[in-house]
Amino acid sequence: MNKTELCELAVKAKDNAYTPYSGFKVGAALMCRSGRVFTGCNIENASYTPTVCAERTAVFKAVSEGETEFEMLAVCGGRDGIISGMFPPCGVCRQVLAEFCPPEFPIIIMTSENTFKELTLEELLPFSFNPEYMNTED
Ligand code: THU
């Protein structure tokens, strides 16, 4: 699966976003090393803080199915589901990605229905607190 195809899956996933409060609809598609792809959307809540982002939905779906090695992530979204301009993944999602992905992990951020920018995890989250710091054997 190439980047464009992964973006198409992220766009489709956005349709399932549950956003009665913000109207900001996000879709994500995460490609695993195995070739499997997990999609996710944001899911909001009347109590607000339980809201989960599209990126984390995709990561947690994958991990819960036994996948922990990832190739790339595509993400798209915008107010009323309209992809217009770049919006970067939130800090919590960056931290969740840092648990599983190396610094060079590519994150494809759609800027319109058919354009995207590509950044690495390290560009989005430099000097991250990651599992290396939890290694008690050193
Ligand atoms: N949101 C995401 O799904 N991913 C992000 O990286 C940023 C924000 C969602 C959460 C909430 O439902 C809405 O966008 C507005 O913050």
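What counts and how
Residues numbered from 1 in each chain as written. Predicted model: local features only at pLDDT ≥ 70, side-chain atom pairs only at ≥ 80, totals over all residues. Heavy atoms only, no water. Buried < 20%, exposed > 50% of the residue type's maximum accessible area, 1.4 Å probe, protein only. Helix = DSSP H or I, 4+ residues; strand = E, 2+ residues; numbered from the N terminus. Pairing = 2+ DSSP bridges. Right-handed = clockwise from strand over helix to strand, strands pointing away. Axes fitted to C-alpha atoms, helices over the stretch in contact; angles between N-to-C directions. Patch = residues over 30% accessible without salt bridge, like charges linked within 9 Å, V, L, I, M, F, W, Y side chains within 5 Å. Areas by Shrake-Rupley, 256 points an atom, 1.4 Å probe, with all protein chains shown as cover. Salt bridge = Lys/Arg side-chain N within 4 Å of Asp/Glu carboxyl O. Core = buried A, V, L, I, M, F, W, Y, C linked by side-chain atoms within 4.5 Å. Contact = heavy atoms within 4.5 Å. Polar contact = N/O pair within 3.5 Å; in protein donor to acceptor, adjacent residues only side chain to side chain. Phe/Tyr/Trp six-rings, centres within 6.5 Å; stacked < 30°, edge-to-face > 60°. Near = heavy atom within 4 Å.

A. Summary view of the pairing of strand β3 (residues 70-79). Along β3, eight of the ten residues are buried, which leaves the element largely enclosed by surrounding structure. Here strand β1 (residues 24-32) pairs with β3 via nine bridges, running antiparallel. Note on β3: the bridge partner recorded for K25 is G78. Inspection of the sheet shows β3 paired to strand β4 (residues 106-112) by three bridges, in the parallel sense. Along β4, the bridge assignment pairs A74 with I108. Tracing the backbone out of β3, into helix α3 (residues 91-100) and back to the parallel element β4 gives a crossover that is right-handed.

B. Representation of the sheet that holds β4 in the model. Pairing within the open sheet is mixed, and its five strands lie in the order β2-β1-β3-β4-β5. Each edge of the sheet is formed by a strand with only one pairing partner; in this case those strands are β2 (37-41) and β5 (115-120). The sheet shows a mean angle of 20° between the axes of neighbouring strands, direction not considered.

C. Seen up close, a nonpolar patch on the surface. Taken together, the side chains of Y18, Y21, I43 and Y48 define a hydrophobic patch exposed on the protein surface, amounting to about 440 Å² of accessible area. Within the element layout of this structure, Y48 appears in the loop between β2 and α2 (54-64). Judged by its relative accessible area of 55%, Y48 falls in the exposed class.

D. Broad picture of the nonpolar core. Ranked by internal contacts, the top residues of the largest apolar core, which has 22 residues, are L30, F70, L73, L97, F105, I107 and L121. Secondary structure elements with two or more residues in this core: β1, α2, β3, α3, β4 and α4 (121-124). Beyond its immediate chain neighbours, meaning those up to four positions away, L30 contacts R36, V37, F38, A58, V59, A62, F70, M72, L73 and F105.

E. Main features of the environment of R33. Assignment of secondary structure puts R33 in the loop between β1 and β2. Linking R33 and E118, residues 85 residues apart in sequence, is a C-alpha distance of 19 Å. Residues contacting R33, with those up to four places away along its chain left out, are E69, F70 and E71. Within the structure, the side chain of R33 is placed 3.1 Å from the side chain of E71, a separation counted as a polar contact.

F. Fine view of the packing of aromatic side chains. Per the counting criterion, the structure on display carries four aromatic pairs. The interplanar angle of 90° and the centroid separation of 5.2 Å between the aromatic rings of F24 and F87 together place this pair among those described as edge-to-face. Of this pair, F24 sits in strand β1 while F87 is found in the loop between β3 and α3, placing the two residues 63 residues apart along the sequence. Assessed through its relative accessible area of 17%, F87 is described here as buried.

G. Main features of the site of the ligand. Taken together, the neighbourhood of the ligand is formed by S22, F24, V26, N42, E44, T51, C53, A54, E55, F87, P89 and C90. With respect to the ligand, the side chain of N42 contributes an N or O atom lying 2.9 Å from an oxygen atom. In the model, an oxygen atom of the ligand is placed 2.9 Å from a nitrogen or oxygen of the C90 main chain. Elements represented by at least two residues in the shell around the ligand include exactly β1 and α2.

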